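Spelled out from the first residue to the last, the chains are:
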Amino acid sequence: MKMNPGERVSTSRVKNYLLDLQDRICSEVQAEDSKAVFIEDDWSRDENEKGHEEPALGGGGRTRVLTGGAVFEQAGVNFSHVTGTSLPPSATAARPELSGRSFEALGVSLVIHPENPHVPTSHANVRFIVAEKEGEAPVWWFGGGYDLTPYYPRSEDVIGWHKAARAACEPFGDEIYPRFKKWCDQYFYIKHRKEARGVGGLFFDDLNDWGFDRSFNFLKAVGDSYLGAYLPIVRRRKAQPWTEQQRLFQLYRRGRYVEFNLVYDRGTLFGLQSGGAHRVYPDVVTAAGILAL
């Protein structure tokens, strides 16, 4: 990883940004819905709550869930800041040199499920992880992105979504959007069904070769562009009439959505292996009661 002179890793700067991002997204989504409100659960966990024979885990977060809204059937916008004495296997499978390192992971992760089948589901995640080992330099990286899952795709919506993603990437180089768009298409692919989960967006991980400040600025550019990419679609489609048959198809496709998360998603696996998936990952929070499998 490249670090400029005088540059330092600052977990506190990342945390402050993520808390503010969660606040802004919740405020805008709640205002757009105009009926339901986010219910917050502040949580923490003791480093010994899993017992002495398993790696110690600590940290906490803010889980926020909106249900039964005028526009959004269910939405989870969650912040977490968790620590542990050993990285979960999902984080070290491709990087075995990180095995045995303690870790600190911060992130905002969200899933929004509208009621109207003509309004797409959206997902976003931005995260920062530091892995440390006594006597060695810390290893850190950023990751995240966002993706769109329409049930009845419209060209205007898909083009607008990708234009916003491209605009977020442009200050960092012309090659960045094509690179992270392709990664998103590859990542959100349900291999055993040979089908894409949605129409893509952005996905990046293990980002540290730009140095801390530039990498952090990119994370902020992605996080800050999410609402501008998604809410215009919501406003165009939320009043569009829909039929019961379209609603049933929406629920059927949501099954595919959650299937991907439970089988392939790294973040869900990280949460399950670190003992906090029900708190940390809104894919799990928002799944109950809104699927037809």
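These numbers were taken from a predicted model, which means no experiment stands behind them.

K.L.:
What's the story with the pattern of salt bridges in this structure? I'm lost.
P.N.:
If the charged atoms of two oppositely charged side chains come close together, the side chains can form a pair. Counting across every chain of the model gives 21 salt bridges. One salt bridge in this structure joins Arg197 and Asp147, with 2.7 Å as the shortest N-O distance. Taken together, the residues span a long stretch of sequence, with Arg197 in the loop between strand S8 (195–196) and strand S9 (200–207) and Asp147 in strand S6 (residues 139–149) at a distance of 50 residues. Overall, the relative accessible area of 2% leaves Asp147 in the buried class. A salt bridge links Asp157 to Arg237, with the nearest nitrogen and oxygen atoms 2.8 Å apart. Here Asp157 is found in helix H3 (residues 155–169), whereas its partner Arg237 is found in helix H5 (residues 212–237), with 80 residues between them in sequence.

K.L.:
When you look at the sheet that holds strand S2 (residues 57–67) in this model, what are you seeing that I'm missing?
P.N.:
Sheets are built from strands that pair by backbone hydrogen bonding, the pairs being arranged parallel or antiparallel. Read from one edge of the open sheet, seven strands run S1-S2-S3-S4-S5-S6-S9, paired in antiparallel fashion. Looking at strand neighbours, the two that pair on one side only are strand S1 (39–45) and S9, the edges of this open sheet. With strand direction ignored, the average angle separating the axes of adjacent strands in the sheet is 5 degrees. Here strand S3 (residues 72–84) pairs with strand S4 (residues 102–114) via twelve bridges, running antiparallel. What sits directly across from Gly76, in S4, is Val111. Most of the contacts of helix H4 (residues 176–187) go to S9, to which it runs at about 100 degrees, and overall it touches S6 and S9. Against the sheet, helix H6 (residues 244–263) touches S3, S4, strand S5 (121–132) and S6, its axis set at about 165 degrees to S4.

K.L.:
What exactly am I supposed to notice about the confidence of the model for the protein here?
P.N.:
Any region with low pLDDT has predicted coordinates that should not be read closely. For the protein, mean pLDDT is 86; residues scoring 70 or higher make up 82% of the total. Throughout residues 277–281 the model reports pLDDT below 50, and contacts reaching past four residues in sequence, or to other chains, amount to 20 contacts. Scored below 50 in pLDDT, residues 283–289 makes 19 contacts in the model with residues more than four places away or belonging to other chains.

K.L.:
In this structure, what is going on with the packing of aromatic side chains? I would like to understand it.
P.N.:
Aromatic ring pairs: the centre-centre distance and the angle between the two ring planes describe each pair. Throughout the structure, instances matching the rule amount to 28 aromatic pairs. Between Phe204 and Phe218, the aromatic rings sit 5.0 Å apart at their centres with planes inclined by 75 degrees, giving edge-to-face as the arrangement. Taken as a pair, Phe204 in strand S9 and Phe218 in helix H5 lie far apart in primary sequence, 14 residues in all. Phe218 shares its class with Phe204; the two are buried. Among the aromatic residues, those joined into a ring-pair cluster are Phe172, Phe180, Trp183, Tyr187, Phe188, Phe203, Phe204, Trp210, Phe218 and Phe260. Here the guanidinium or amino end of Arg214 rests over the ring plane of Trp210, the centre of that ring lying 5.0 Å away.

K.L.:
Explain the environment of Ser122 to me, please; I cannot follow it from the model alone.
P.N.:
Along the chain, Ser122 falls in strand S5. Separated by 24 residues in sequence, Ser122 and Tyr146 have C-alpha atoms that sit 7.4 Å apart. Residues contacting Ser122, with those up to four places away along its chain left out, are Leu110, Val111, Ile112, Asp147, Leu148, Trp161, Tyr226, Tyr230 and Tyr257.

K.L.:
What is the right way to look at the packing of H3 against H5 in this model?
P.N.:
When two helices pack together, their arrangement is captured by the angle between the axes and the distance separating the axes. Orientation of H3 relative to H5, taken along the N-to-C sense of each, is 160 degrees, at an axis distance of 9 Å. In terms of axis orientation, H3 runs roughly antiparallel to H5. Considering how the two elements wind past one another, H3 and H5 form a crossing that is right-handed. Facing H3, whose interface residues are Glu156, Asp157, Trp161, Ala164, Ala168 and Cys169, H5 presents Phe218, Ala221, Ser225, Tyr226, Ala229, Tyr230, Ile233, Arg236 and Arg237. Its residues placed into classes, the contact of H3 with H5 shows ten nonpolar, one polar and four charged.

Calculation rules
- Residues numbered from 1 in each chain as written.
- Predicted model: local features only at pLDDT ≥ 70, side-chain atom pairs only at ≥ 80, totals over all residues.
- Heavy atoms only, no water.
- Salt bridge = Lys/Arg side-chain N within 4 Å of Asp/Glu carboxyl O.
- Helix = DSSP H or I, 4+ residues; strand = E, 2+ residues; numbered from the N terminus.
- Buried < 20%, exposed > 50% of the residue type's maximum accessible area, 1.4 Å probe, protein only.
- Pairing = 2+ DSSP bridges.
- Axes fitted to C-alpha atoms, helices over the stretch in contact; angles between N-to-C directions.
- Contact = heavy atoms within 4.5 Å.
- pLDDT = per-residue confidence, 0-100.
- Phe/Tyr/Trp six-rings, centres within 6.5 Å; stacked < 30°, edge-to-face > 60°.
- Lys NZ or Arg CZ within 6 Å of the ring centre and 35° of its normal.
- Parallel < 35°, antiparallel > 145°, perpendicular 65-115°, else oblique.
- Left-handed = near helix turned anticlockwise from the far one by under 90°.
- Nonpolar A, V, L, I, M, F, W, Y, C, P; charged D, E, K, R; others polar.

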